[in-house]
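These are the residues of each chain, in order.
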Amino acid sequence: MLRNMMNVKFTAIKFDFMKKFYDRKAEMDELLEIQQQAYNDYSRFVVLTGRRRIGKTSLVYKIMQETENEAPGLYFFVGRMAEGVLVQNFAAEAKEKLNVYIPESIRSFRELFRMLLETGKTKRFTLFIDEFQEFDNVNSGIYSDIQELWDRYKQQTNICLIVSGSIFRMMEKIFKDEEQPLFGRDDCTIKLQPFKTDVIREILGDYNSDYTKDDLLALWTFTGGVARYIELFMNNNCFTVKKMIKYICSSGDGYFIDEGKKILLQEFGKQYGTYFSILGQIAQGDITQREIEGSIGMTNLGGQLRMLDEHYGIIKKKRPVGAKPNSQTVRYEIRDNFFRFWFRYVYKNSALIEIENMPALEKIILSDYTTFSGIALERWFRSRMIESFKYQLIGNWWKNVSKGKGQYDECEIDIVAEDLAGNVSAYEVKRNADRYRVKRLQDKVAEMQKQIFKGKKICTGCLSIEDMEKNW
């Protein structure tokens, strides 16, 4: 068990992201358009999802700030408390923002929601319900109440209803399960993604214009573009590799230490033990199902791997470029940079953390950082290429090449990319470009061309840490 640390609670005063609001233009434009449709036509229902700490609340709060002169915005946070207490808090917000009378006797969400919908017949407003899935712990019947009342009032009112949730499993069940009352009720679903590489670079540059490429790589390696994690580093002046690692391992602030477990326990529930063991193995590097089963001493883990991939979206299958969709040549990787870091260092070294030997953990991370960040660098370049919208194929390629006498040599190319014009490139990714061997990559490309891209000219090259800000 990891040591228990004081939970960091989110409060309304933390809505603003650092010194300025970064990115999210496409999502803001979409939400503003839907809001106008609700105000000018009839009510709209929006579902906003995305992993915890990604910035969902900040985004909606920004929308409500920008449109408050046109119509008020209400913020309801669904905490785990008695329904009557929760409704009292909501009623106070509604009274203040809408300037309406709400009887003190109201104790059910159904009654309050009906009153808000009645108000929506004459007043336009936005209602944002945060951590919407927590209604299941307050009163699961609330979902049926919302469905019934929304169906009755939607065409008669001008409300922009936005609900947000961070537990993927629960939000999928509420809105995608045909047996659930709110199935098909949303007009739009928006999934908020981590910040793109250019935005991460912009943020670090705003806080430290003298950053190095390694500092930028570290910010990407530890946060993967998750807004809250970047905010913590920036607000605590952690702009360099060593300062970031020191802050992560700070015995006085266990935010990063407890974060992985807090998030994933809510997703996995009682099944977390097996899932954590699987993720702990994948975090050490790309790995096959057979290798995972051998490492943790279990068999038939295909079902759990499929759940982690298709249901939770935490891992993904990797197949070599050119492989058929049903090919059994599969490796697994953790999608989220932070979870990859957390399982590689925090989960693996839970015994050290239990006795609060944080200096030892810091030493382990520092000594392994060069190797660990090398894999993150490869992911950085793939992300840069994807974000450029100039490619039709991006991946890597590998094959076991026979050396004779039953021995095999693994032949692998870090990045293989085909642009929209059909031009193919193959890259080795090295932190230090001096370690690149031209002939070695050319031999690998020749081996690859026995299977795919036959007869095509393939450009080869090296991508190093110095190329991180290259424009594609």
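Our structure is the block above this text.
What you are looking at is a predicted structure, and each value in this text was computed from that prediction instead of being measured. Note on numbering: residues in each chain are counted from 1, in written sequence order. Where totals are concerned, whole chains, interfaces and linings use all residues; where local detail is concerned, this predicted model gives features only for residues with pLDDT of at least 70, and gives and counts side-chain atom pairs only at 80 or more. Heavy atoms throughout the structure, all of them, feed into the side-chain values; hydrogens and water do not.

**What about the overall build of the protein chain?**
- Helix numbering and strand numbering both begin at the N terminus, where a helix is a DSSP run of H or I of at least 4 residues and a strand a DSSP run of E of at least 2. Each helix and strand in the protein chain was counted, giving 19 helices and 11 strands.
- The globule rule puts the C-alpha radius of gyration for 472 residues at 23 Å, and the 25 Å found for the protein chain is close to it.
- Projected onto its principal axes, the C-alpha positions of the protein chain cover 85 × 55 × 50 Å.
- In the protein chain, which comprises 472 residues, the proportion classed as buried is 52%.
- Contacts between residues were defined by any pair of non-hydrogen atoms, one from each residue, lying within 4.5 Å. The contacts of the protein chain with a sequence gap of at least 6 include a subset with a gap of at least 24, amounting to 70%.
- Here the positive residues are Lys and Arg and the negative ones are Asp and Glu; neither His nor the chain ends is included. Where a charge sits is defined by one atom per residue type, namely NZ (Lys), CZ (Arg), CG (Asp) or CD (Glu). Side-chain charges in the protein chain split into 71 positive and 66 negative, and the spacing between the mean points of these groups amounts to 5 Å. Our radius of gyration looks at C-alpha atoms and nothing else; its globule reference is 2.2 Å times the residue count to the power 0.38. Throughout this description, buried means an accessible area under 20% of the type-specific maximum (1.4 Å probe, protein chains only), exposed means over 50%, and partly exposed covers the range between.

**A closer look at helix H13 (residues 272–282)**
- Those residues of H13 lying buried are Tyr 275, Phe 276, Ile 278, Leu 279, Gly 280 and Ile 282.
- Close packing links the buried residues of H13 with helix H12 (255–268), helix H14 (289–296), helix H15 (302–311), strand E6 (315–318), strand E7 (331–334) and helix H16 (337–347).

**Topic: the packing of helix H8 (residues 197–207) against helix H18 (residues 358–388)**
- Relative to each other, H8 and H18 sit at 110 degrees, their axes nearing to 9 Å. Classified by the angle their axes make, H8 and H18 are roughly perpendicular. On H18, the residues touching Thr 197, Asp 198 and Arg 201 of H8 are Trp 380, Ser 383, Arg 384 and Glu 387.
- Basically, the charged four are Asp, Glu, Lys and Arg, the nonpolar ten are Ala, Val, Leu, Ile, Met, Phe, Trp, Tyr, Cys and Pro, and anything else, Gly included, counts as polar. A per-class count over the contact of H8 with H18 returns 1 nonpolar, 2 polar and 4 charged. Where helices are involved, their axes are fitted lines through C-alpha atoms of the stretch in contact, as for all axes, and angles between N-to-C directions lie from 0 to 180°. Between 65 and 115 degrees an angle is taken as roughly perpendicular, under 35 as roughly parallel, over 145 as roughly antiparallel, and anywhere else as oblique.

**Description of the packing of aromatic side chains**
- Here is the rule: rings of Phe, Tyr and Trp (six-membered ring for Trp) pair when centre to centre is within 6.5 Å. Planes less than 30 degrees apart are stacked, more than 60 are edge-to-face, and the remainder are tilted. Summed over all chains, the structure comprises 41 aromatic pairs.
- Seen from their ring centres, Phe 135 and Tyr 143 are 6.4 Å apart, and the 80 degrees between their planes marks the pair as edge-to-face. Tyr 143 shares its class with Phe 135; the two are buried.
- Consider the rings of Phe 256 and Phe 338, whose centres lie 6.0 Å apart with planes at 50 degrees: the pair is tilted. Here Phe 256 is found in helix H12, whereas its partner Phe 338 is found in helix H16, with 82 residues between them in sequence.

**Looking at the environment of Gln 266**
- Turning to its location among the elements, Gln 266 is positioned in helix H12.
- The exposure class assigned to Gln 266 is partly exposed, which follows from its relative accessible area of 27%.
- A C-alpha to C-alpha distance of 40 Å links Gln 266 and Asn 400, two positions 134 residues apart in sequence.
- Among residues more than four places away in sequence, those in contact with Gln 266 are Arg 52, Glu 134, Ile 167 and Arg 169.
- One polar contact links the side chain of Gln 266 to the main-chain carbonyl oxygen of Lys 262, over a distance of 3.1 Å. Identification of polar contacts relies on pairs of N or O atoms within 3.5 Å, with a donor-acceptor requirement for protein atoms, meaning one able to donate a hydrogen and the other able to accept it, and with residues adjacent in sequence counted only if both atoms are side-chain atoms.

**Points about unusual backbone geometry**
- With phi around 55 degrees, Glu 131 is a residue other than glycine that occupies positive phi space.
- Mapping Glu 131 onto the fold places it in the loop between strand E3 (125–130) and helix H5 (135–138).
- With a phi close to 55 degrees, Asn 300 is a non-glycine residue in the positive phi region.
- Tracing the backbone shows Asn 300 in the loop between H14 and H15.
- The exposure class assigned to Asn 300 is exposed, which follows from its relative accessible area of 67%.

**Structural notes on the pairing of strand E11 (residues 458–463)**
- Pairing between strands is defined by DSSP: at least two bridges between the two strands are required. The pairing of strand E10 (residues 424–429) with E11 spans 6 bridges and is parallel. Across the sheet, residue Ala 426 finds its bridge partner in E11, namely Thr 460.
- Handedness rule for crossovers: strands pointing away from the viewer, path from the first strand over the helix to the second running clockwise, crossover right-handed. Handedness of the crossover is the feature at issue here: the chain leaves E10, passes through helix H19 (residues 438–448), returns alongside E11, and the resulting connection is right-handed.

**Let's talk about the pattern of salt bridges**
- When a carboxyl oxygen of Asp or Glu is within 4 Å of a side-chain nitrogen of Lys or Arg, the pair counts as a salt bridge. For the coordinates displayed, the defined rule picks out 37 salt bridges.
- Linking Lys 62 and Glu 66 is a salt bridge whose minimum nitrogen-to-oxygen distance equals 3.9 Å. Separated by 4 residues within a single helix, Lys 62 and Glu 66 lie in helix H2 (residues 56–66), roughly one turn from each other.
- Judged by relative accessible area, Lys 62 falls into the partly exposed class, the value being 24%.
- Taking the shortest distance from any N to any O, the salt bridge between Arg 335 and Asp 309 comes out at 3.2 Å. Here Asp 309 lies in helix H15 and Arg 335 lies in the loop between E7 and H16, a separation of 26 residues in the sequence.
- Here Arg 335 falls in the partly exposed class, since its relative accessible area comes to 41%.
- Judged by its relative accessible area of 12%, Asp 309 is buried.

**A short note on the packing of H12 against H16**
- For the pair H12 and H16, interaxial distance at closest approach is 10 Å and the crossing angle is 110 degrees. For the element pair H12 / H16, the angle class is roughly perpendicular. For the crossing formed where H12 meets H16, the hand is left-handed. For the pair H12 and H16, contact is made by Phe 256, Ile 257, Glu 259, Gly 260, Lys 261, Ile 263 and Leu 264 and by Phe 338, Phe 339, Trp 342, Phe 343 and Val 346, respectively.
- Tallied by class, the residues present in the contact of H12 with H16 amount to 9 nonpolar, 1 polar and 2 charged. Each helix crossing is assigned a hand: it is left-handed if the near helix lies turned anticlockwise from the far helix by less than a right angle, otherwise right-handed if that turn is clockwise.

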